[in-house]
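Here is how the chains run, residue by residue.
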Amino acid sequence: SHAGLRSGCRGWFSGVGKGEGLNDRTHFGVVYDHKNATLYWRTQSNQNLQRLRLQNAHLEEGGHAWYLHVSSPKLPWFHDAAAALVPTRAGSKDKVQSIWK
């Protein structure tokens, strides 16, 4: 269930009429998972979904304030999906075919 999720995004909208759509762009998107106290976002320059669990955000009362640079180059631009590859079932006749013939 996604009942605990809220999302939002902020952008520039050119309005209606002449020039509609010429200046439309989303600067960032945010999803807050209330059930798991987790924030997900992506920015215009890095469309990869980022995550911050609030339990890791140093929010203890009386603690030092922290800053999160959401466009930081330390955040990954992609995740390599190769480790998620699994072979087809045993005995399958599925074979890779060349597209370069």
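Residues numbered from 1 in each chain as written. Predicted model: local features only at pLDDT ≥ 70, side-chain atom pairs only at ≥ 80, totals over all residues. Heavy atoms only, no water.

(A) Up close: the overall build of the protein chain. Across its full length, the protein chain carries zero helices and four strands. Walking the protein chain from its N terminus toward its C terminus, one meets helices and strands in the order β-β-β-β. Burial analysis of the protein chain (101 residues in total) assigns 12% to the buried set. Pairs at least 24 residues apart make up 30% of the contacts formed inside the protein chain by residues separated by at least 6 positions. Carbon and sulfur atoms form 57% of the exposed surface of the protein chain, whose accessible area is close to 9400 Å². (Helix = DSSP H or I, 4+ residues; strand = E, 2+ residues; numbered from the N terminus. Buried < 20%, exposed > 50% of the residue type's maximum accessible area, 1.4 Å probe, protein only. Contact = heavy atoms within 4.5 Å. Areas by Shrake-Rupley, 256 points an atom, 1.4 Å probe, with all protein chains shown as cover.)

(B) Up close: the pairing of strand 3 (residues 38-43). Bridge count between strand 3 and strand 4 (residues 50-53): four bridges; the pairing is antiparallel. Bridge pairing links Leu39 to Leu52 in strand 4. (Pairing = 2+ DSSP bridges.)

(C) Region of interest: unusual backbone geometry. Phi at Ala37 is positive, roughly 45 degrees, even though this residue is not glycine. In this fold, Ala37 is placed in the loop between strand 2 (25-33) and strand 3. Residue His58 is not a glycine yet carries a positive backbone phi of 55 degrees. Structurally, His58 can be placed in the segment after strand 4.

(D) Expanded view of the side chain of Asp33. The topology assignment puts Asp33 in strand 2. Buried and without a salt bridge, Asp33 has Lys35 as its closest oppositely charged side chain, separated by 7.6 Å. Of note is the side chain of Asp33, whose polar atom sits 3.1 Å from the backbone nitrogen of Lys35. (Lys, Arg positive; Asp, Glu negative; His and termini not counted. Salt bridge = Lys/Arg side-chain N within 4 Å of Asp/Glu carboxyl O. Polar contact = N/O pair within 3.5 Å; in protein donor to acceptor, adjacent residues only side chain to side chain.)

(E) Seen up close, the confidence of the model for the protein chain. Looking at the protein chain, pLDDT values average 75 and 70% of them are 70 or higher. Per-residue pLDDT stays below 50 along residues 1-14; that stretch engages in 35 contacts with residues further than four places along the chain or on separate chains. (pLDDT = per-residue confidence, 0-100.)

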